[in-house]
Amino acid sequence: MKTLWPGATIGVLGGGQLGRMMALAARRMGYRIIVLDPSPRCPTAQVSDGVVVGALDDRDAARHLARQVDVITLDTEHVPADVLDELDKIAPVRPGPTVLRTIQDRQVQKQFLDGLGLPQAMWAPSSDRIQLADALAKVGRPAILKVRRAGYDGKGQVRIEADGDPFSQLEKLRGEPAVAEELVPFKREISVILARGLAGDLQIYPIAENVHRRHILHTTRAPAPMTTEGKRSAEEIAVTVAEALGHVGVIAVEMFELPSGKLLVNEIAPRTHNSGHYTYGACVTSQFEQHVRAICGLPLGDPRLMTGAVMVNLIGDLWRSGPPTWQPVLARPEARLHLYGKDAPAPGRKMGHVLLLDDDTDRALATADQLIADLSATPSSSA
Ligand code: AMP
């Protein structure tokens, strides 16, 4: 097990904001970054040492990247696992292809969780009308239909109402294999982010409390106010997942908390996570540095929280009439603005976020909503 010291080159598959923030942390530490992405101007390429232009399933381009790097990691879980198998023979892929194969298909992920005896929403395969009818008999209505592959931020999801026509909802998924889930009456959503090193060592971040709007993460608050018992069971679930996967790197386990306090796993993301962005301002070691440490075989850093924090996402809708005026954010000493360098704002697209560092997280949540209202109201900075 070779340690990759600063000076080594990390290859990143996918050039989104997660890759960008990891690249910023990695380059600060002295690593080199080469990214594979269809766009030479993608968020990660803007802060990298090199870019290989190609689709994530372009084997020639991926091999070309692999030959130039010491280790390969991912910005997204949607890289075909077969491509990862091939790359793993050239340079180690961390997390490994088996982890991705288990996670990238919702049905396989759910079977994996069932196999571990971990709690999750009732679910059933629902790829055609016969399966859907059986699934609804099991999970009840309302329910949510989710495509098995490549869905994110509510994309590839439709809701089946108690009295609607379920088959017309199924048709909206255009024949994509899907699963049905019961609609969970959760009290709140939380996520546990942890890192697992090459030797199996673990470091767990303070638990994050998440609010979604239109299926997209809106705010994260850390630490989530929780009982010691609730925190312990959430951490236990996440550790069980990471160890069963043999994961290497940062991993996020999203959970629903029911009014009774019971936790259900919603989704596993085998990578750094939007609900962990707060770590770069609030923790001793950010999730991005931690991921670099894990995949390079370094000792893991301290995940300790130094201040309470709230993160609020900046979604493309705020760019309706051009880039917002950032004055309301930049005027606040506790606020840190992070923009991802995406040049095509679109409704629902994550363009950046603001981090509010404040031990009074109730106040920070109120500030976050005020900022979003101010940014929506202010005239565009290009006007
Ligand atoms: P997902 O992409 O599956 O993480 O879904 C995005 C968001 O949709 C979640 O964070 C929840 O807010 C909501 N959601 C997804 N699945 C369910 C469910 N079974 N019951 C209630 N809400 C859900």
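Structure shown above.
Residues numbered from 1 in each chain as written. Predicted model: local features only at pLDDT ≥ 70, side-chain atom pairs only at ≥ 80, totals over all residues. Heavy atoms only, no water.

Draft legend 1. View of the overall build of the protein chain. In terms of regular secondary structure, the protein chain is built from 12 helices and 17 strands. In terms of C-alpha radius of gyration, the protein chain reaches 21 Å, essentially the compact-globule figure of 21 Å for 383 residues. Each principal axis of the C-alpha distribution contributes one length, and for the protein chain these read about 55 × 50 × 45 Å. Expressed as a percentage of the 383 residues in the protein chain, the buried residues total 57%. Counting only contacts in the protein chain whose residues sit at least 6 apart along the sequence, the fraction spanning at least 24 positions is 62%. (Helix = DSSP H or I, 4+ residues; strand = E, 2+ residues; numbered from the N terminus. Rg over C-alpha atoms; globule rule 2.2 N^0.38 Å. Buried < 20%, exposed > 50% of the residue type's maximum accessible area, 1.4 Å probe, protein only. Contact = heavy atoms within 4.5 Å.)

Draft legend 2. Highlighting the site of the ligand. Around the ligand, the structure places 15 residues, and the nearest of them are Lys146, Glu181, Glu182, Val184 and Glu189. Between Glu189 and the ligand, the recorded distance is 2.5 Å, taken from a side-chain N or O atom to an oxygen atom. Take Asn266: an N or O atom from its side chain is 3.0 Å from an oxygen atom of the ligand. Protein burial of the ligand: of its 470 Å² of free accessible surface, 93% is covered by the chains. Of all the elements in the fold, those that place two or more residues in the shell around the ligand are β6 (143-147), β8 (178-182) and β14 (263-269). Tallied by class, residues from the shell around the ligand come to five nonpolar, four polar and six charged. Residue assignment places the shell around the ligand across two domains, with domain 2 (122-182) and domain 3 (188-377) each supplying three or more. (Near = heavy atom within 4 Å. Polar contact = N/O pair within 3.5 Å; in protein donor to acceptor, adjacent residues only side chain to side chain. Areas by Shrake-Rupley, 256 points an atom, 1.4 Å probe, with all protein chains shown as cover. Nonpolar A, V, L, I, M, F, W, Y, C, P; charged D, E, K, R; others polar. Domains from an automatic or database assignment.)

Draft legend 3. Layout of the packing of aromatic side chains. As enumerated under the stated definition, the model contains two aromatic pairs in all. Judged by centre distance (5.0 Å) and plane angle (5 degrees), the rings of Phe186 and Phe256 are stacked. Remark: Phe256 occurs in strand β13 (residues 249-257) and Phe186 occurs in the loop between β8 and β9 (188-196); sequence separation between them is 70 residues. Residue Phe186 is classed as partly exposed on the basis of its relative accessible area, which comes to 37%. Classification of Phe256 as buried rests on a relative accessible area of 8%. (Phe/Tyr/Trp six-rings, centres within 6.5 Å; stacked < 30°, edge-to-face > 60°.)

Draft legend 4. Main features of the sheet that holds strand β1 (residues 9-13). Across the sheet, four strands lie side by side as β3-β2-β1-β4; this open sheet has parallel pairing. Every interior strand has two partners, whereas the edge strands, β3 (50-53) and β4 (71-74), have only one. Direction aside, the axes of adjacent strands within the sheet are offset by 25 degrees on average. Looking at chain direction, strand β2 (residues 32-37) and β3 are connected through four bridges and run parallel. Bridging across to β3, Asp37 finds its partner in Val53. (Pairing = 2+ DSSP bridges. Axes fitted to C-alpha atoms, helices over the stretch in contact; angles between N-to-C directions.)

Draft legend 5. View of the nonpolar core. Leu13, Ile72, Val241 and Met255 are the most contacted members of the largest nonpolar core, which has 42 residues in total. Per-element accounting of this core gives the leading share, seven residues, to helix α8 (residues 228-245). No fewer than three residues from each of domain 1 (9-93) and domain 3 (188-377) sit in this core. Excluding residues that lie within four positions of it along the chain, Leu13 makes contacts with Leu36, Leu56, Leu65, Ile72, Thr73, Leu74, Asp75, Thr76, Val79, Leu84 and Leu87. Within the second largest apolar cluster, 24 residues are counted, among which are Ala23, Ala26, Tyr31 and Tyr340. (Core = buried A, V, L, I, M, F, W, Y, C linked by side-chain atoms within 4.5 Å.)

Draft legend 6. Main features of the side chain of Arg221. Mapping Arg221 onto the fold places it in strand β12 (residues 216-222). On the basis of relative accessibility, which here comes to 10%, the residue Arg221 falls in the buried class. A polar contact of 2.9 Å, which involves the side chain of Arg221, links it to the side chain of Thr361. Polar side-chain contacts of Arg221 include one of 3.1 Å to the side chain of Asp362. Each residue touching Arg221, except ones within four places of it in the same chain, is listed here: Ile207, Ala208, Glu209, Ala309, Val310, Thr361, Asp362 and Leu365.

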